[in-house]
Amino acid sequence: MHIMSIPSALIWAVWLLPLGAFALISPLIRPFPGKAEPASFISIGAVGISFALSLWILASVLQAPDRQIILHGADWLSISGGPVFNFGLLIDPLSAVMLSVVTSVSLMVQVYSRAYMHSDPSYLRYFALISLFTAAMLGLIVSSNLLSTFAFWELVGLSSYLLIGFWFHRPSAVAAAKKAFLVTRIGDVGFLAALLVLYTKTGTLDITALNSPGVLSAISGGVLTWAALGLFLGAMGKSGQFPLHVWLPDAMEGPTPVSALIHAATMVAAGVFLVARMYPLFQAAPHALTVVAIVGAFSAVFAATMGLVMKDIKRVLAYSTISQLGLMMLGIATGGVWVGIFYLFNHAFFKSLLFLGAGSVNHATGTFDLREMGGLRKKIPWTFAFFVLAAVSLSGIWPLAGFFSKEGVLAAALDKQPVLFGFALLTTFLTAFYIFRVVFLVFFGDYRGSHGPHESSRIMLVPMGLLAVPAVASGWLNANGGFEHFLGDGATHGFWSGFIGALAHPLALFSLLAALLGVFSAYTLYIKRWISPDKVKWFLRSPYAIFTRKYGMDELYENIIARNALYRGVFQAADWTDRVVIGGASAGIASLTTGAGRVLRRFQTGQIQLYAVAAVLGMTAIVLIALVRG
Amino acid sequence: MNSHLLSLIIFLPLAGALLIGTYPRIPAGVVKYAALAFTLSVLALSVILLFRFDRQANGMQFQEIYSWIPALAAYYRLGIDGISLPLVALTSLLSVVAVLMSWKVENRTREFFIWLLVLESSVLGVFCALDLLLFFIFWEVEVVPVYFLISIWGSGDRRHSATKYVLFTLLGSALMLAGIVSLYYSTGSLDMVAIAGSGAAIAQTLLPAVPIFFLLLAGFAVKLPVVPFHSWQPDAYTDAPAAVTVMLAGSLAKMGGYGMIRLCVSIFPEVARRYAPIMLALAVIGIIYGAAIAFRQTNLKRLIAYSSISHMGFVLLGIFALSQTSLVGASLQMVSHGLITALLFCTASIIMDTTGENDIRRLGGLARQMPSTATFFMLAGLGALGLPSTSGFAAEFTTFLGSYSSSEVAGIKVFVLVALLGVLLAAAYVLWTIQRVLFGPVLPVFNDSRDADMRQKTYCGLFVILIFFVGLYPMAVVSIVQNSTAGVIKLLGG
């Protein structure tokens, strides 16, 4: 089958369309605009076309020579005797897959938002910002230069900031938004430093050039490792990896569809994408790659433990996201691009579905608190069905999508980093446990809330249903090795042999066992109550306390570092120096000034024309005398 | 090729001042229109300059040379290159805005606008003068209008702040004068370009090069300001009337950076290279120190003043990194900071005027009551924290890149990596300020606050357009600057 290759103007249009939607909607922004339906149609229309174009791009890349389309754009900066930075587009299997993920999830989320945000007075601003985010995210994916990647990287950070703080009258939302921007910016400083190092060493920031063996071999190993670590610091910030994970749970203050799109499926995955984008560079710096693996594996377990005890459904999902991103990092570091990106691909669908499900539950019950839910499977059956499918997929249970990608990570980790494989297996168990804890607490037992639960409207259910399809089936794309072949070099084989054959592998049985054990534990505790959760809580009270207090990380950052060490420490010391030491020194001059001030003041009563003339003449005279006399 | 464009630009505002001054019966309502007309004409001429400027050429353009004091070999010598042209344009733009911001001045209106116009003339003179004596006179004249503008129309402890400003400036310029005199006796010339061109040929008659370099630097360091010579700055910025703060921060501070490039680095490249590590250390200290203190401020204007110290540190960094790219970065940063700081002070003054409150701790929730002002303030803040697509990013990134990759100064990489923290700190204090002033629950006390009116929206909107224009298309400025900075680098023998 031959498909006409996509014209380059349409490749540009993929990210320019949402940008245009933003530009079209944003001038209209008013705080209380009333009805603003057209805004959502503009925004959804733009991303819809982008989605179609992304599929076309995907098909075109398959046929392109070297599976690569490079479009040269304009020079953003070109200094004579200095750097030249071209803003162009780089389309390869990696960016093509990412384009499809982002546009499809964005489309579904935006349709869902039409109902979810329906009664919000700032409906218009919402759609403007979602469009801005989508444009920046797509730009990040397709840019061919690390500098423009960085620019879009920060712009997605800005849209994330604006959307977390969407309800800006709520102090908690604004604080969370600020925290998100600042913590990710710590990572961005690393990213920026890496750009400086790479440019200084190679004279370019072009991604293809930087990844070429010739350029990489020109950089000495130590410098390359530092550059890779700088890039990874940026990735850690965006992808919420330990110790820069603290912003992501708080980011749940934003509207739930935003959490689904930005803080689950797409933006947070940008860190994984960056490592994938610069994979040859990371490969040339094996120490850095080891760090990626360790940080990923550690974050996976670390975040999962906190997910076990959260009482807010969105917080559980947020910690789950951090944990899953950790597995992606581990996968990419041990198994290569396709392992990490395949995980990212599957995760995007089932995790955004879980969030949309949480939003639907919230619509039904008016709360995100697990303690005020229960027994909802009869009241909101569709939401229940979709949520459970996504939960099974997340748990990595055959034959749903999550199983296949988890397989890849576990196999790669076992091969390269056996210790970290243990972390990944433990994470599998914990994941299944916490997500089924949520399923059982929300949908089973008796309803504990006071709200009259009702199923959500079709506008919300249809996108969820459409996301449920890939949440179940996206993993099958690699049953025949097709995904691996597309992103890497693997050979393809028969679909059924991969689909069924995957189970024959002992590793698969291990991971399946871990997942089922997790589900069973949750079942024991929350359905059958053979053991009371409270008893477990008491028995494990010290770890429980550590998990609920988030290992004291928030306390460390907000109180110990920001408030005490900096604000009341270093900054106050600087302020004191400024007022007392430097201010005092200039007060010495000031005592001299009182005299001069008095003299100047005396002149102030006269005609101003006189001052001007006197001043100018006086100054000139002083200068002339000085010059003539020497 | 004598065109009189530069003379016209410099002296039009002064002519306006004289006109207003000599006809005392002009009603106040007309005075402001007259001032607007004069500043707008200057702006129009600057735009003509921008278009007629030959971006491919090297050296000075639009030169005017007349013999002035033959006994001293002093000439009335004007000219601009790519380094001064953006600053001329910036100054004429900010002057128009300063007039518009002062639309409601009711106390001694005539005098106010007279001083504002005199101020514009003197600053433009500094950027256009190519004769040391002429340069110095313009430099000195500027002090007078600023003194009166702060001490009469200012707020807070305005007399003290005005006097402090005058004393610091005069102290700096006295040293600078000594430098100029020494330079004159060493070279027998007052021609800035010629002296720079024959840099190595300076006879060691009066003083060795090093002290002359530092004497000249003193005046510029106070103006920029370089920490620790900055203590006049927060007081002056805080107590000056808003329009004057915009001029001081947006335009006058650049006289310091400009002077350093034009005189210190161009005339004494060897000395500049030798002492660059010290200057870079001061730059980095300024970046971090200014940002750190900004966190502790409770007065909105004072906070912006300290952030300004931090941002001018990037200019110093770019200048003394002594590479083509870093100098371009420093020039970009001067333009960018001029626009961003001006917008910050404009919006801050709108907020403070309508709420009658300048204490950040008592402000809050204004995004609901004054959405347009809030949007402008946020956009300015995003520029200040160096968000890509704003001029702040273009300037800071170019400066960082040019400095980090500079081969002129040993150990510069460490300085740059520390300076990167300034970007993180800027994000923190900007977003924290936005959080405290604009967001949070609506406060009923501010229910009567009026949002920006059409006049204010016009100039704020203009700044926003320019900030994003330069950010998205930095070549608009770079193409003007790059040949001239390359000329400076050539003097370094690089």
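Structural notes, computed from the coordinates. Everything quoted here is computed from the prediction, not taken from an experiment.

**As for the overall build of chain B**
Inference 1: If you tally the helices and strands in chain B, you get 20 helices and two strands.
Inference 2: Radius of gyration (C-alpha) of chain B: 21 Å, near the 23 Å computed for a compact globule of 494 residues.
Inference 3: Counting only C-alpha atoms and orienting by the principal axes, one finds that chain B spans roughly 70 × 60 × 40 Å.
Inference 4: Burial statistics for chain B: of 494 residues in total, 71% are counted as buried.
Inference 5: Across chain B, every contact between residues at least 6 apart in sequence was considered, and the portion connecting residues at least 24 apart equals 82%.
Inference 6: Accessible surface computed for chain B: about 14400 Å², of which carbon and sulfur atoms make up 65%.
Inference 7: Computed over 28 positive and 22 negative side-chain charges, the inter-centroid distance for chain B is 3 Å.

**Focus on helix α20 (residues 475-491) of chain B**
All names here are of chain B.
Inference 1: Between its first and last C-alpha, α20 extends 24 Å over 17 residues, near the 24 Å set by a 1.5 Å rise per residue.
Inference 2: Helix geometry: α20 is bent most strongly at Val-481, by close to 40 degrees.
Inference 3: Summarising burial for α20: 13 of the 17 residues are buried, a large majority.
Inference 4: Looking one or two residues beyond α20, the residue adopting positive phi is Gly-493, at roughly 75 degrees.

**Examining the side chain of Lys-254 of chain B**
All names here are of chain B.
Inference 1: Mapped onto the fold, Lys-254 is located in helix α11 (residues 242-267).
Inference 2: It is Glu-396 that comes nearest to the buried, bridge-free Lys-254 among opposite-charge side chains, at 11 Å.
Inference 3: Apart from residues lying up to four places away in sequence, Lys-254 is in contact with Leu-87, Phe-127, Ala-249, Met-312, Met-334, His-337 and Gly-338.

**Concerning the pairing of strand β2 (residues 74-80) of chain B**
Two faces make up the sheet, and in a regular strand the side chains alternate between them.
Inference 1: Counting buried residues in β2 of chain B gives six out of seven residues, a clear majority hidden from the surface.
Inference 2: Connecting the antiparallel pair strand β1 (residues 61-69) of chain B and β2 of chain B is a turn made up of four residues, with Ala-73 of chain B showing a positive phi of about 60 degrees.

**Some details on the environment of Tyr-289 of chain B**
Inference 1: Here Tyr-289 of chain B is to be found in helix α12 (residues 269-296).
Inference 2: In the structure, Tyr-289 of chain B is positioned 93 residues away from Ala-196 of chain B in sequence and 33 Å away in space, judged by C-alpha atoms.
Inference 3: Once residues within four sequence positions are removed from consideration, Tyr-289 of chain B is found in contact with Ala-574, Thr-577, Asp-578 and Ile-582 of chain A together with Val-227 and His-230 of chain B.

**What to know about the interface of chain B and chain A**
Inference 1: If you look at the interface, chain B gives 81 residues, while chain A gives 70 residues.
Inference 2: Across the chain B to chain A interface the summed buried area is about 6800 Å²; carbon plus sulfur atoms make up 76%.
Inference 3: On the chain B side of the contact with chain A, Arg-296, Arg-368 and Phe-397 of chain B bury the most area, a combined 11% of that side's loss.
Inference 4: On inspection of chain B and its partner chain A, the count reaches zero salt bridges.
Inference 5: Counting across the interface, chain B meets chain A through 13 residue pairs in polar contact (both at pLDDT 80 or more).
Inference 6: The leading source of residues in the side of chain B that touches chain A is helix α18 (residues 412-437) of chain B, at 13 residues.
Inference 7: Along the lines of polarity and charge, the residues of the side of chain B that touches chain A split into 56 nonpolar, 17 polar and eight charged.

**Topic: unusual backbone geometry**
Trans is the prevailing form of peptide bonds, just as negative phi is the prevailing case for residues other than glycine.
Inference 1: Cis geometry is adopted by the peptide bond preceding Pro-243 of chain A, which originates at Phe-242 of chain A and carries an omega value of 0 degrees.
Inference 2: Tracing the sequence through the fold places Pro-243 of chain A in the loop between α9 (221-238) and α10 (247-250).
Inference 3: Along the chain, Val-227 of chain B connects to Pro-228 of chain B via a cis peptide bond; the corresponding omega equals 10 degrees.
Inference 4: Even without being a glycine, Asp-66 of chain A presents a positive backbone phi close to 60 degrees.
Inference 5: Tracing the sequence through the fold places Asp-66 of chain A in the loop between α2 (37-63) and β1 (69-78).
Inference 6: Of the residues examined, Asp-66 of chain A reaches a relative accessible area of 73% and is grouped as exposed.
Inference 7: A positive phi is found at Ala-73 of chain B, a non-glycine position, where the angle reads about 60 degrees.

**What to know about the nonpolar core**
Inference 1: One finds Leu-146 of chain A together with Phe-320 and Leu-438 of chain B to be the most contacted residues of the largest nonpolar core, which totals 446 residues.
Inference 2: Here the element with the most residues in this core is helix α16 (residues 337-365) of chain A; it accounts for 18 residues.
Inference 3: Setting aside anything within four residues of it in sequence, one finds Leu-146 of chain A in contact with Phe-191, Leu-195, Leu-198, Leu-205, Ile-207, Leu-210, Leu-231, Leu-274 and Met-278 of chain A.

**Concerning a nonpolar patch on the surface**
Inference 1: Taken together, the side chains of Leu-556, Ile-560, Ile-561, Leu-566 and Val-570 of chain A present a nonpolar region at the surface, about 370 Å² in accessible area.
Inference 2: Among the secondary structure elements, Ile-561 of chain A is positioned in helix α26 (residues 553-602).

**Topic: the state of the cysteines**
Note on terminology: disulfide describes a covalent bond linking the sulfur atoms of two cysteines.
Inference 1: The tally for this structure, following the rule as stated, stands at zero disulfides over all chains.
Inference 2: Take Cys-128 of chain B: it sits in no disulfide, and the sulfur closest to it among the cysteines is that of Cys-264 of chain B, at 19 Å.

About the criteria used
- Residue numbers run consecutively from 1 along every chain, following the written order of its sequence.
- Throughout, the order in which chains and ligands are written sets their labels, letters from A for the former and numbers from 1 for the latter.
- Selection of residues for local features in this predicted model requires a pLDDT of at least 70, selection of side-chain atom pairs for listing and counting requires 80 or more, and totals for whole chains, interfaces and linings are taken over all residues.
- The basis for the side-chain values is all heavy atoms of the structure; hydrogens and waters are excluded.
- Strands here mean DSSP runs of E at least two residues long; helices mean DSSP runs of H or I at least four residues long; both are numbered from the N terminus.
- Here the globule rule is a power law, 2.2 Å times the number of residues to the power 0.38, and the radius of gyration is based on C-alpha atoms.
- Exposure categories follow from relative accessible area, calculated using a 1.4 Å probe and restricted to protein chains: below 20% of the type maximum is buried, above 50% is exposed, and the middle band is partly exposed.
- Contacts were defined at the residue level, with two residues in contact if any of their heavy atoms lie within 4.5 Å.
- Values of accessible area rely on a 1.4 Å probe in the Shrake-Rupley scheme; residue burial ignores everything except the protein chains shown.
- The positive count covers Lys and Arg only, the negative count covers Asp and Glu only, and His and the chain ends enter neither.
- One atom stands in for each charge, and that atom is NZ of Lys, CZ of Arg, CG of Asp or CD of Glu.
- Take the number of residues in a helix, subtract one, and multiply by 1.5 Å to get its expected span.
- The quantity called bend is, for any residue, the angle between two axes fitted respectively to the seven residues ending at it and the seven beginning at it.
- We define a salt bridge as a side-chain nitrogen of Lys or Arg found within 4 Å of a carboxyl oxygen belonging to Asp or Glu.
- At least two bridges found by DSSP between two strands is the condition for calling them paired.
- Here the buried area means the combined drop in accessible surface, using a 1.4 Å probe, for two parts upon being joined, counting both sides.
- Pairs of N or O atoms are called polar contacts if they sit within 3.5 Å, as long as, within protein, a hydrogen donor faces a hydrogen acceptor (for residues adjacent in sequence, only side-chain-to-side-chain pairs).
- Throughout, the ten residues Ala, Val, Leu, Ile, Met, Phe, Trp, Tyr, Cys and Pro are labelled nonpolar, Asp, Glu, Lys and Arg are labelled charged, and all others, Gly among them, are labelled polar.
- Take the buried Ala, Val, Leu, Ile, Met, Phe, Trp, Tyr and Cys residues and link them wherever side-chain atoms come within 4.5 Å; each set so joined is a nonpolar core.
- What goes into a patch is any residue over 30% in relative accessible area without a salt bridge, connected to like charges within 9 Å or, for nonpolar side chains (Val, Leu, Ile, Met, Phe, Trp, Tyr), within 5 Å.
- Disulfides are defined as pairs of cysteine sulfur atoms found within 2.5 Å of each other.

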